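Listed below are the residues making up each chain.
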Amino acid sequence: MCRNIRTLHNFEPHATSEEVHAAALQYVRKISGSTKPSKANQEAFDEAVHEIAHITQHLLDALVSQAPPKDREAEAAKARARAAVRYGAA
């Protein structure tokens, strides 16, 4: 799994359209093996990002959870702590 794709479900506030688009872009980059497609592939690349972002938003809108929403700042702090341990900056 691509490390840059983050969980978007069950956060308060909800994921923004920019976050959904960024996740779709990372997904398409990963599976296509290209961070910047050629001019010949640009339209297909952009269409894939658009469609994946669209269906991702539908998925997020349909998901339900009994767990309380996660706090974005608390989750970011946990991620920074894990990175510090992983990279020896702790």
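Since we're looking at a predicted model, the values are computed, not measured.

Looking only at helices and strands, the protein chain has three helices and two strands in total. Mapped from its N terminus to its C terminus, the protein chain presents α and β elements in the order β-α-α-β-α. Over its C-alpha trace the protein chain gives a radius of gyration of 16 Å, far above what one expects of a compact globule, namely 12 Å for 90 residues. Each principal axis of the C-alpha distribution contributes one length, and for the protein chain these read about 45 × 35 × 20 Å. By the burial criterion, 18% of the 90 residues in the protein chain qualify as buried. Long-range contacts, defined here as pairs at least 24 residues apart, represent 66% of the contacts in the protein chain between residues at least 6 apart. Carbon and sulfur atoms form 57% of the exposed surface of the protein chain, whose accessible area is close to 7000 Å². The positive charge centre, built from 12 side chains, and the negative charge centre, built from 11, are 12 Å apart in the protein chain.

Secondary-structure assignment places N10 in the segment before β1 (11-12). Within the structure, N10 has its side chain in polar contact with the side chain of S65 (distance 3.5 Å).

In this section: a negative patch on the surface. On the surface, a cluster of negative charge is made up of E43, D46, E47 and E51. Within the secondary structure, D46 sits in helix α2 (residues 39-62). For D46, a relative accessible area of 40% puts it in the partly exposed group.

Conventions we followed
Residues numbered from 1 in each chain as written. Predicted model: local features only at pLDDT ≥ 70, side-chain atom pairs only at ≥ 80, totals over all residues. Heavy atoms only, no water. Helix = DSSP H or I, 4+ residues; strand = E, 2+ residues; numbered from the N terminus. Rg over C-alpha atoms; globule rule 2.2 N^0.38 Å. Buried < 20%, exposed > 50% of the residue type's maximum accessible area, 1.4 Å probe, protein only. Contact = heavy atoms within 4.5 Å. Areas by Shrake-Rupley, 256 points an atom, 1.4 Å probe, with all protein chains shown as cover. Lys, Arg positive; Asp, Glu negative; His and termini not counted. Charge placed at Lys NZ, Arg CZ, Asp CG, Glu CD. Polar contact = N/O pair within 3.5 Å; in protein donor to acceptor, adjacent residues only side chain to side chain. Patch = residues over 30% accessible without salt bridge, like charges linked within 9 Å, V, L, I, M, F, W, Y side chains within 5 Å. Salt bridge = Lys/Arg side-chain N within 4 Å of Asp/Glu carboxyl O.

Note that all results are geometric; they support no functional claim without further evidence.
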